[in-house]
Amino acid sequence: MIRTVDLRKRFGKLDVLNGISEHIEQSEKVAIIGPSGSGKSTFLRCLNLLDIPTSGEVWFDGKNITDPRCDADATRRLIGMVFQHFNLFPNMTILENITLAPVRLRLKSKEEADRAALALLERIGLADKANAYSATLSGGQKQRVAIVRALAMEPKLMLFDEPTSALDPELVGEVLDVMKDLAMSGMTMLVITHEMAFARDASDRVIFMDGGLIVEQSSPDVLLSNPRHARTRQFLQRLLQEA
Amino acid sequence: MMETLINSLTRALLRDDRWKMYLQGLELTLMIAAVACAIGIVIGILVASAKVAAQGSGNPVLRALNLLCEAYTTVIRGTPLVVQLLILYSLAAIPNGLTACFIGFGLNSGAYVSEIFRSGIQSVDIGQMEAGRSLGLSRGATMRFIILPQAVKNVLPALFNEFIALVKETSIAGYIAVNELTKMANNIKSRTYDFTPFLLAAAIYLILTFMLTRLQKRIERRFAKSDKDR
């Protein structure tokens, strides 16, 4: 589905990614964990070209999307992204947030897009908010709308960049529930998360990153309870202490 | 007291149909302000777009364009408007004072408006651009549908400040022999020998700027609909 070859990214003098070669299969759910500054976000953002890699390749759906001749906008239509801070458009209603891209990119008529958006809102229990503005929503509701907004483009791959980190603890569950539903539906998902319960229950594989590299990876059971590397153990221990 | 007031008003307004002179002056004032405002907005958008596009871009054409725009805002903002008008008025290519005013006030306003727009675009959270791009929208489409509507809302107060200042600044057009409102008031004063014509001119400026302020409030209310119940 998506594959990287020796992916490297440098910001000025700072090396953030130091060569990541990884392959994510169709329908696979991969959780990425690691300390802040480990390059998780940059890795994710290189996959949909929000950050342009300094070197290396990203292959998506059999195409080298890091090739400058490849249309980055067309690629991004197929890769949904959910941000830590939701990034809903405050100048539009919830419905307009969801339908903007499909309608402007002429993938759907206004009516079709509205119908699809309402169905999606129904699914997450927010149909009554269709004509509200994002300022009136709670953080959890905003993030659920942000997920649905990405889904309205009917992407093949969904990237989640710490989707619950900015939420009040009691709102985390409703967002994770939507993500679990999505995982069950067979979506290919890459999720940066600090929610170890989610990584354990919903992912097929957990990747631990540090220093711009993948330190180790394996099934959630093995990695979370029996990590091989001292760095991973240290990280998990600190996470447990904080929790 | 009352009699003096009525006397000076009669002299300043009614004798020789002088009220018509204020209207003629007002007409020129409004014309200069409106044309300059339109030119200013167009230049402002173009210059701000160039500056924003050049930001962090290595494209040599954009870099050169950016330098040009920087030079423009630096020179215009760094020299007095009166001097700019006098220079324009001296140029052989410019036929009359009114044309010099259109160009001079337009160029001047453009420099300020471009900075207002640039700051407005930069005031919108970077995450908005990222969200737009992540949905497959181009940079231009994201700008147009997502960034600019929010930027305009943010800069409305600063923009109206600029327009209100512009209306008042047209009063220096008399320097290059344009008979706008202030110049007209001065002409009338040279016959009435008192300051009543200036008081009348001041009242007209105040009414104009007050109406602009009202317009600003109305537009702000319309833009505020997305903040309700915040």
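Heads up: these notes are all about the structure in this document. (Residues numbered from 1 in each chain as written. Chains lettered and ligands numbered in written order. Predicted model: local features only at pLDDT ≥ 70, side-chain atom pairs only at ≥ 80, totals over all residues. Heavy atoms only, no water.)

Along the backbone of chain A there are nine helices and 10 strands. For a compact globule of 243 residues, the expected C-alpha radius of gyration is about 18 Å, and chain A comes in at 18 Å, within 12% of that figure. Across its three principal directions, the C-alpha atoms of chain A cover 55 × 45 × 35 Å. Long-range contacts, defined as pairs at least 24 residues apart, comprise 66% of the intrachain contacts of chain A with a sequence gap of at least 6. About 10800 Å² of surface is accessible on chain A, with carbon and sulfur atoms providing 48% of the total. Averaged over its 30 positive side-chain charges, chain A has a centre that lies 4 Å from the centre of its 32 negative ones. (Helix = DSSP H or I, 4+ residues; strand = E, 2+ residues; numbered from the N terminus. Rg over C-alpha atoms; globule rule 2.2 N^0.38 Å. Contact = heavy atoms within 4.5 Å. Areas by Shrake-Rupley, 256 points an atom, 1.4 Å probe, with all protein chains shown as cover. Lys, Arg positive; Asp, Glu negative; His and termini not counted. Charge placed at Lys NZ, Arg CZ, Asp CG, Glu CD.)

Considering the arrangement of structural elements, one finds L68 of chain B in helix α3 (residues 60–78). Along the sequence, L68 of chain B and V42 of chain B sit 26 residues apart, while their C-alpha atoms lie 17 Å from each other.

The buried count for helix α3 (residues 94–104) of chain A comes to eight of 11 residues, which makes it a mostly enclosed element. Buried within α3 of chain A are the following residues: I94, L95, N97, I98, T99, L100, A101 and P102 of chain A. Residues of α3 of chain A that are buried sit in contact with α4 (110–123) and α5 (139–151) of chain A together with α7 (139–169) of chain B. Just beyond α3 of chain A, the residue with positive phi is R106 of chain A, at close to 55 degrees. (Buried < 20%, exposed > 50% of the residue type's maximum accessible area, 1.4 Å probe, protein only.)

Turning our eyes to something else, we now look at the environment of I94 of chain A. Residue and element names in this part refer to chain A. Of note, I94 is situated in helix α3. In this structure I94 comes out as buried when scored by relative accessible area, which is 0%. C-alpha separation for the pair I94 and K129, spaced 35 residues apart in sequence, amounts to 6.8 Å.

What follows is about the packing of helix α5 (residues 97–123) of chain B against α7 of chain B. Two packed helices can be described by the angle between their axes and the distance between those axes. All names here are of chain B. Across the interface, α5 lies against α7 with an axial gap of 8 Å and an inter-helix angle of 145 degrees. Seen from above, α5 lies across α7 with right-handed handedness. Of α7, the residues touching α5 (which contributes F105, N108, S109, Y112, V113, I116, F117, G120, I121 and S123) are M143, I147, L148, A151, N154, V155, A158, L159, E162, L166 and E169. Among the residues forming the contact of α5 with α7, the class breakdown is 14 nonpolar, five polar and two charged. (Axes fitted to C-alpha atoms, helices over the stretch in contact; angles between N-to-C directions. Left-handed = near helix turned anticlockwise from the far one by under 90°. Nonpolar A, V, L, I, M, F, W, Y, C, P; charged D, E, K, R; others polar.)

This next bit is on a positive patch on the surface. Together, R214, K217, R218, R221, R222 and K225 of chain B make up a region of like positive charge exposed at the surface. Residue K225 of chain B is classed as partly exposed on the basis of its relative accessible area of 47%. (Patch = residues over 30% accessible without salt bridge, like charges linked within 9 Å, V, L, I, M, F, W, Y side chains within 5 Å. Salt bridge = Lys/Arg side-chain N within 4 Å of Asp/Glu carboxyl O.)

Residues and elements named next belong to chain A. With respect to the helices and strands, the residue D161 is situated in strand β7 (residues 157–161). The side chain of D161 is buried and forms no salt bridge, while R45, the nearest opposite charge, is found at 5.4 Å. Only 2.8 Å separates the side chain of D161 from the side chain of S41, close enough to count as a polar contact. Among residues more than four places away in sequence, those in contact with D161 are S41, L44, M81, V82, F83, Q84 and I192. (Polar contact = N/O pair within 3.5 Å; in protein donor to acceptor, adjacent residues only side chain to side chain.)

The next subject is the nonpolar core. The biggest cluster of nonpolar side chains holds 46 residues, and the ones touching the most others in it are F43 and L190 of chain A. With six residues, the single largest contributor to this core is α7 of chain B. Listed in part, the 37 residues of the second largest apolar core include I124, A132, L151 and F160 of chain A. (Core = buried A, V, L, I, M, F, W, Y, C linked by side-chain atoms within 4.5 Å.)

Once that is clear, we can look at the sheet that holds β7 of chain A. Residues and elements named next belong to chain A. If you walk across this open sheet you meet the six strands as β6-β7-β8-β3-β9-β10, and the pairing is mixed. The outermost strands of the open sheet, each flanked by one partner alone, are β6 (79–82) and β10 (213–218). The average angle at which neighbouring strand axes cross in this sheet is 20 degrees, direction not considered. Across four bridges, strand β3 (residues 29–33) lies against strand β8 (residues 188–192) in parallel orientation. Paired with A31 across the two strands is V191, which belongs to β8. Against the sheet, α5 contacts β6 and β7, and its axis sits at roughly 170 degrees relative to β6. (Pairing = 2+ DSSP bridges.)

Worth remembering: the numbers are spatial, not functional.
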